[in-house]
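Structural overview
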Amino acid sequence: MKFPLLATLAALAHRPASIGAFKPQHSHRAPHNYSASPRTPISASSPSTSTSALRISALESLADVTTLSIDSGDIDTVSRYAETGLITDATTNPLFVSQAGANGDARYEAMVAEAVAYAKEVTCSGDGCPVPEKTLNAAIDRLAVNLGKELVALVPGRVSTEVDIRLSYDTEGSVERARSIIEMYESMGVSKDRILIKLAGTWEGIQAARILEKEGINCNITLVFSFLQAAAAAQAGAYLISPFPGRILDWHKKQSGKSSYEPDADPGVLSVKRMYAYFRRYGYDTICMPASWRPSRGADVEGSDVDEILALAGVDEMTIPQPLLDSLSKLESSVVTRKCDAQADAASCNDPDFKLTEESYARYWEADGCGREKLGEGIDAFTAETEKLVKILIEKF
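Residues numbered from 1 in each chain as written. Predicted model: local features only at pLDDT ≥ 70, side-chain atom pairs only at ≥ 80, totals over all residues. Heavy atoms only, no water.

**Here's the deal with the overall build of the protein**
When helices and strands are counted, the protein shows 15 helices and eight strands. Out of the 397 residues belonging to the protein, those deemed buried represent 58%. Within the protein, contacts between residues at least 6 apart in sequence are counted, and of these 74% link residues at least 24 apart. Carbon and sulfur atoms form 51% of the exposed surface of the protein, whose accessible area is close to 16000 Å². (Helix = DSSP H or I, 4+ residues; strand = E, 2+ residues; numbered from the N terminus. Buried < 20%, exposed > 50% of the residue type's maximum accessible area, 1.4 Å probe, protein only. Contact = heavy atoms within 4.5 Å. Areas by Shrake-Rupley, 256 points an atom, 1.4 Å probe, with all protein chains shown as cover.)

In structure tokens form, the structure reads like this:
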């Protein structure tokens, strides 16, 4: 079976006269039914550099058509943006946890110390003794939970916490660690409906999500670089996927020799739109939350850093790092038009709802150059960050 790319999707409607005319079109799961605090106008005192509280920024307009998550483990940064009322969720990854372990800030140092003490207590590993793998794993997970607990207190929605990336090809191990992470959160008074368990988009990670979702543990399938991964995740009942349009663009630029694309023709943007259209066409509740962004038109073009974000306005959710949130805060609302629409995109989907098995998935995966290469790179990069964290924690023992 072949999965042809959808044709470039044009803007489906003209920008309304004001952001009040936008009607948010978030996920069918309605995952963000929280009582968020009123929005703080973006002004000189908030993350934007605007000098007028009456000015409507691109970030504000984007938040009216897409649920926004902040991709950061920095407590102060998340707090500043959460106070605007524009950010609902927060995502973390092994890099953020590793940075917390090495931060030096007293707040993060306290998280590390508590994680080490907890690991010693639950695994009976004494001071000055060789640190067994089980103890280190407990400390890694506890540190991630400690960071997540701080973020839960700042955002009204969900916080994504990643299972040890080294278990990406181990379904049973991933399920066991995910359950442990949820137990830690619940012991701290954080309900599991505030947490998303992040799992790598391998076949094994997706099957771990299938098991966990049946237990009421919602999952975020990350490192998604292909339609095949997205379809498998939806069929497994994953709560949310995180496709990476920027890294998909990187792969296609390398293959084609092209240095830039128009945003609506960006291969990463088109891939995400295809996933979104498939979900809506066949009634899958899986949320499409792109992450990891690149400048479609090239880094030398002014304003291009948010090209992919603006080209996907209207998708269920996005997770965006602080520098790009800053950029959106400085742009006028007129740059935002809805580019993803559930009904129209569902009607445009021409992919069949072919039910994947492990055997059929493996066959298609062999021909998926972008998916295989980028998934491998992503796992390797996050594994390196986890190994850095292990060294930091060993010193703390």
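Following the structure, the description resumes.
**Section: the packing of aromatic side chains**
Applying the stated criterion across every chain, the model contains eight aromatic pairs. Ring centres of Trp203 and Tyr361 lie 5.0 Å apart, and the angle between their planes is 45°; this geometry places the pair in the tilted category. Within this pair, whereas Trp203 is found in helix H7 (residues 203-214), its partner Tyr361 is found in helix H14 (residues 358-366), the two being separated by 158 residues in sequence. In this structure, Trp203 and Tyr361 share a single accessibility class: buried. With centroids separated by 5.1 Å and ring planes inclined at 80°, the aromatic side chains of Phe227 and Tyr278 adopt a geometry described as edge-to-face. (Phe/Tyr/Trp six-rings, centres within 6.5 Å; stacked < 30°, edge-to-face > 60°.)

**Some points on the packing of helix H4 (residues 106-123) against helix H5 (residues 133-152)**
The interhelical angle for the contact between H4 and H5, taken along N-to-C directions, is 140°, at an axis separation of 8 Å. By the angle between their axes, H4 is oblique relative to H5. For the crossing formed where H4 meets H5, the hand is right-handed. The residues of H5 that touch H4, namely those facing Tyr108, Met111, Val112, Glu114, Ala115, Tyr118, Ala119, Lys120, Val122 and Thr123, are Lys134, Thr135, Ala138, Ala139, Arg142, Leu143, Asn146, Leu147 and Glu150. Its residues assigned to classes, the contact of H4 with H5 comprises eleven nonpolar, three polar and five charged. (Axes fitted to C-alpha atoms, helices over the stretch in contact; angles between N-to-C directions. Parallel < 35°, antiparallel > 145°, perpendicular 65-115°, else oblique. Left-handed = near helix turned anticlockwise from the far one by under 90°. Nonpolar A, V, L, I, M, F, W, Y, C, P; charged D, E, K, R; others polar.)

**Some words on the pattern of salt bridges**
Per the counting criterion, the structure on display carries 19 salt bridges. Linking Arg166 and Asp164 is a salt bridge whose minimum nitrogen-to-oxygen distance equals 2.7 Å. We classify Asp164 as buried; its relative accessible area is 7%. Asp316 is the partner of Arg280 in a salt bridge, and the nearest nitrogen-oxygen pair spans 2.9 Å. (Salt bridge = Lys/Arg side-chain N within 4 Å of Asp/Glu carboxyl O.)

**Observations regarding the sheet that holds strand E2 (residues 89-91)**
If you trace the eight strands from one edge of the open sheet to the other, you get E7-E6-E5-E4-E3-E2-E1-E8, paired in parallel fashion. Where the open sheet ends on each side, the last strands, each with one partner, are strand E7 (287-288) and strand E8 (317-320). (Pairing = 2+ DSSP bridges.)

**Thoughts on H7**
Since the α-helix packs 3.6 residues into each turn, any two residues three or four apart lie on the same face. Over its twelve residues, H7 runs 17 Å from end to end, which matches the ideal 16 Å to within 8%, given 1.5 Å per residue. The secondary structure elements touched by the buried residues of H7 are helix H6 (171-187), strand E4 (195-200), strand E5 (219-224), helix H8 (227-235) and H14. Immediately beyond the C-terminal end of H7, within one or two residues, lies Gly216, with a positive phi of roughly 85°. (Expected span 1.5 Å × (residues − 1).)

**Some words on the nonpolar core**
If you look at the biggest cluster of nonpolar residues, it comprises 112 residues, and the most contacted ones within it are Ile197 and Ile320. The greatest single-element share of this core, amounting to ten residues, is contributed by H5. Filtering out sequence-adjacent residues up to four positions away, Ile320 remains in contact with Leu62, Leu68, Ser69, Ile70, Asp71, Trp293, Ile309, Leu325 and Leu328. Counting five residues, the second-largest nonpolar core is a separate cluster that includes Leu196, Tyr239, Leu240 and Ile287. (Core = buried A, V, L, I, M, F, W, Y, C linked by side-chain atoms within 4.5 Å.)

**Let's talk about the pairing of strand E1 (residues 67-71)**
In terms of burial, E1 is largely enclosed, as five of its five residues are buried. Here E1 shows a buried face lined by Thr67, Ser69 and Asp71 and a second buried face lined by Leu68 and Ile70. When E1 meets E8, the two strands line up parallel, connected through four bridges. Across the sheet, Ile70 pairs through a bridge with Ile320, a residue of E8. In this fold, E1 hands off to helix H2 (residues 75-82), which returns the chain to E2; that crossover is right-handed. (Right-handed = clockwise from strand over helix to strand, strands pointing away.)

**Considering the confidence of the model for the protein**
On average, residues of the protein carry a pLDDT of 87, and 85% of them reach 70 or more. Taken as a whole, residues 30-46 scores under 50 in pLDDT and shows 38 contacts with residues more than four places along the chain or in a different chain. Per-residue pLDDT stays below 50 along residues 48-52; that stretch engages in eleven contacts with residues further than four places along the chain or on separate chains. (pLDDT = per-residue confidence, 0-100.)

**Re the side chain of Thr123**
Within the fold, Thr123 resides in helix H4. Here Ala119 takes part through its backbone oxygen, which lies 2.5 Å from a polar atom of the side chain of Thr123. Once residues within four sequence positions are removed from consideration, Thr123 is found in contact with Lys134, Thr135 and Ala138. (Polar contact = N/O pair within 3.5 Å; in protein donor to acceptor, adjacent residues only side chain to side chain.)

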